[in-house]
Structure formats: C-alpha cells, structure tokens
Amino acid sequence: MDKNQTIIKMTGIDFAYSENSPILKNLDFEFFKGDKVGIIAPNGSGKTTLFHLMMGLLTPSSGSIEIFGKPMKTEPDFAEIRHRIGLLFQDADDQLFCPTVLEDVSFGPLNMGKSRKEAIEISRRTLDFLGLSEFENRITFKLSGGEKKLVSLATVLSMEPEVLLLDEPLTGLDTKTRSTITMALKEMDVSYIIISHNIEFLKTTTRKTVTLRGGRLIADDQVHVHIHDHAHVHGDVPHKH
Ligand SMILES: Nc1ncnc2c1ncn2[C@@H]1O[C@H](COP(=O)(O)OP(=O)(O)OP(=O)(O)O)[C@@H](O)[C@H]1O
Ligand SMILES: [Mg+2]
C-alpha cells in the first residue's frame, strides 16, 4: 500500500445540530496512512462531532468526505469502511452493549465473519495485551468507569482496525492504566487520531497536534512549542528542551 495514502479527506465541511448554532464551518482535514495526530481543543468545540462525522454517524450539511480514496455519500459507503476504522467513544456506555466482557470484545470480530473460535482467540489476545485477562467473564454493566473505558478500547482493538479514532482514551483512568495505554499505542503499528486534553500524553503518542477554532481545524502552535524537541541556539550552546 502506498505510504502516502490518504485515509481521510474532509473538504468544506459544515455541520450544525441546530440551524442557528454552527459547530463546524468550512472545515478541511487530510489524514494520511501512518499519521499520528492529536486534537486538543476546548469543551464543546466540536471534537466528538468531528469523529462522528468521520464515521458517518452524523451527516454534514455541506462538504465532502473521502475515506480510503472513496467518496462517502450514503450509509452503505460508511458501512463498508467502518470495520477498518475503530472509534473509541468518549462515553464507554455508548460502546458496550453485551452482557459480558468477552461477548463485547468478540462481537466485532464475529460481526466481521470470523469463526467463534477465532473471535475468542483474538479477544483473549486483546484483553491480555491490555492487562485485562481476568476480565473476560465480568458483567459489563457492573464494571467501574475506568474498567469500562479499558474494555471499550479492547472492543475497538479486537477488530484489528487500520485506523484508530480515540475520543479521550485516558479519561477516568488511573496512572498505571494511563501508562499501559500510552505504551500500547506506542507499540502499535496503526494510524490514529487522539482527542485529549492531556498535553503530555499527546506529546508522547502523536507527532502533530491540531485544534478546533471557529469550526475549523488548525495547527496548534501553542501545543507545538511544548511538544516538539527542537534544537536552538541559547548563548553559544545549541540545546533541546
Ligand atoms: N446530539 C446533540 N444535539 C445537540 N447538540 C449537541 C449534540 N451533541 C453535541 N452537541 C453540542 O455541540 C457542541 C459540540 O459538541 P462536541 O461533543 O462535539 O464537543 P467536544 O469538543 O467533543 O467537547 P468535550 O471536550 O466536552 O468532549 C456542544 O456545544 C454540544 O453541546
Ligand atoms: Mg467530546
């Protein structure tokens, strides 16, 4: 596959939940294979909305979306690519719907046509990767908030997507679990976009950070200054900070 392959291309996107309060205005975005992008922007600026548009869960009032080089116009267009892009919902309760953890995690692979045996193998491997081996028989709705978030991530990863859209993956997680996820992301050979308010996390896991301003995505220079190692002359000694 071409390394510079465009995975997501959004052009001139307008979106509003109600006519008099536009959320996204003439937004352009291009995401390439191998990209690791962070989105950091204020509450209510439209980050989650943007992910839902990328997945075809919402429809823009104008503009176009291309995914893997194909124009996304109708629900069947999105249905065809959804298994290749894994969305981690901001709210885990939107993600989990099966009685037990193993059923939830194997739902995706089963739905993609894997045999029951294969689906369970993939699910166990994924749970193990996230340190959740003991969780498979737990009752989903009885999990704590943080546990639900982790199991949600397992349901996304078990589909072995090429692209991850992670909506605040660290919210509600303890320090150890946050570093488990950070390490997991660094190990994985996938393209991803992460929405987070945690600059340090984005600094470790992404190469580029953007923000939403006035309904458009723009490079976040402020974050950029923080997250990029750069040598510059300070006195006579070039150094990094
Ligand atoms: N289903 C909905 N119906 C009407 N308005 C909505 C709906 N979902 C979100 N909004 C509004 O759209 C705006 C953008 O919401 P969105 O969830 O995309 O923001 P966000 O950047 O993800 O915020 P946060 O950082 O709090 O998660 C908000 O003002 C929100 O109130
Ligand atoms: Mg959000």
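Refer to the structure printed above.
Throughout, residues of each chain are indexed from 1 in the direction in which the sequence is written. In the order they appear in the text, chains get letters beginning with A and ligands get numbers beginning with 1. In view of the model being predicted, local features appear only for residues whose pLDDT reaches at least 70, and side-chain atom pairs are presented and counted only at 80 or more, with totals across whole chains, interfaces and linings using the full set of residues. Calculation of side-chain values draws on the structure's entire complement of heavy atoms; hydrogens and water are dropped beforehand.

Asks: Which parts of the structure should I look at to understand the site of ligand 1?
Replies: For ligand 1, the set of nearby residues contains 13 residues, the closest of which are Gly44, Lys47, Thr48, Thr49 and Gln90. Here an oxygen atom of ligand 1 sits 2.9 Å away from a polar atom, N or O, in the side chain of Asn43. Whenever two N or O atoms come within 3.5 Å, that pair is a polar contact, provided that in protein one can donate a hydrogen and the other can accept it, and provided that, for residues adjacent in sequence, both atoms are side-chain atoms. Measuring from an oxygen atom of ligand 1, one finds a side-chain N or O atom of Gln90 at 2.9 Å. Protein chains bury 57% of the 640 Å² of accessible surface belonging to ligand 1 in isolation. Numbered from the N terminus, helices here are DSSP runs of H or I no shorter than four residues, and strands are runs of E no shorter than two. With 3 residues, the single largest contributor to the shell around ligand 1 is helix 1 (residues 47-54). Residue polarity follows a fixed list, in which Ala, Val, Leu, Ile, Met, Phe, Trp, Tyr, Cys and Pro are nonpolar, Asp, Glu, Lys and Arg are charged, and the others, Gly among them, are polar. Grouping the constituent residues of the shell around ligand 1 by class yields 3 nonpolar, 8 polar and 2 charged. A single heavy atom is enough: if one lies within 4 Å of a molecule or strand, its residue is considered near that molecule or strand. Only the protein chains shown count as cover for residues, with accessible areas throughout obtained via the Shrake-Rupley method and a probe of 1.4 Å.

Asks: Help me understand the coordination of the magnesium ion (ligand 2), please; the structure alone is not making it clear to me.
Replies: Octahedral six-donor coordination of a metal ideally yields angles of 90 or 180 degrees, compared with 109.5 degrees for tetrahedral four-donor coordination. Within the protein, the atoms that donate to the magnesium ion (ligand 2) are Thr48 (OG1) and Gln90 (OE1), at distances of 2.0 to 2.1 Å. Placement of the pair is Thr48 in helix 1 and Gln90 in the loop between strand 6 (85-88) and helix 3 (101-111), with a sequence separation of 42 residues. Only protein chains enter the calculation, and the probe is 1.4 Å; a residue is then buried if its accessible area is under 20% of its type maximum, exposed if over 50%, and partly exposed in between. Judged by relative accessible area, which is 36%, Gln90 ranks as partly exposed. Coordination shells were defined by N, O and S atoms within 2.8 Å of each metal, extended to 3.2 Å for Na, K and Ca; water is absent from the atom set, which can make sites look incomplete.

Asks: I'm lost on the nonpolar core in this one. Help?
Replies: Soluble globular proteins tend to bury their nonpolar side chains together. Take the buried Ala, Val, Leu, Ile, Met, Phe, Trp, Tyr and Cys residues and link them wherever side-chain atoms come within 4.5 Å; each set so joined is a nonpolar core. Ile8, Met10 and Leu165 are the most contacted members of the largest nonpolar core, which totals 33 residues. With 5 residues, the single largest contributor to this core is strand 1 (residues 6-16). Residues are treated as being in contact if the distance between any of their heavy atoms lies within 4.5 Å. In this view, Ile8 contacts Phe29, Glu30, Phe31, Met54, Glu66, Ile67, Leu165 and Ile193; residues no more than four positions away in its chain are not counted. Membership of the second largest hydrophobic core comes to 31 residues, among which are Leu96, Leu150, Leu153 and Ile194.

Asks: How should the packing of helix 3 against helix 5 (residues 145-157) be read in this particular structure?
Replies: The packing of two helices is summarised by the inter-axis angle and the distance between the axes. Following both chains from N to C, one finds helix 3 and helix 5 inclined at 30°, their axes separated by 7 Å at the closest point. Judged by the inter-axis angle, helix 3 sits roughly parallel to helix 5. For the pair helix 3 and helix 5, the sense of crossing is right-handed. In this structure, helix 3 uses Val101, Asp104 and Val105 to contact helix 5, whose residues at the interface are Val151, Ala154 and Thr155. With axes taken as lines fitted to C-alpha atoms, and helix axes fitted only over the stretch in contact, angles between N-to-C directions fall between 0 and 180 degrees. An angle below 35 degrees is treated as roughly parallel, one above 145 as roughly antiparallel, one from 65 to 115 as roughly perpendicular, and anything else as oblique. A crossing counts as left-handed when the near helix is turned anticlockwise from the far one by less than a right angle, and as right-handed when that turn is clockwise.

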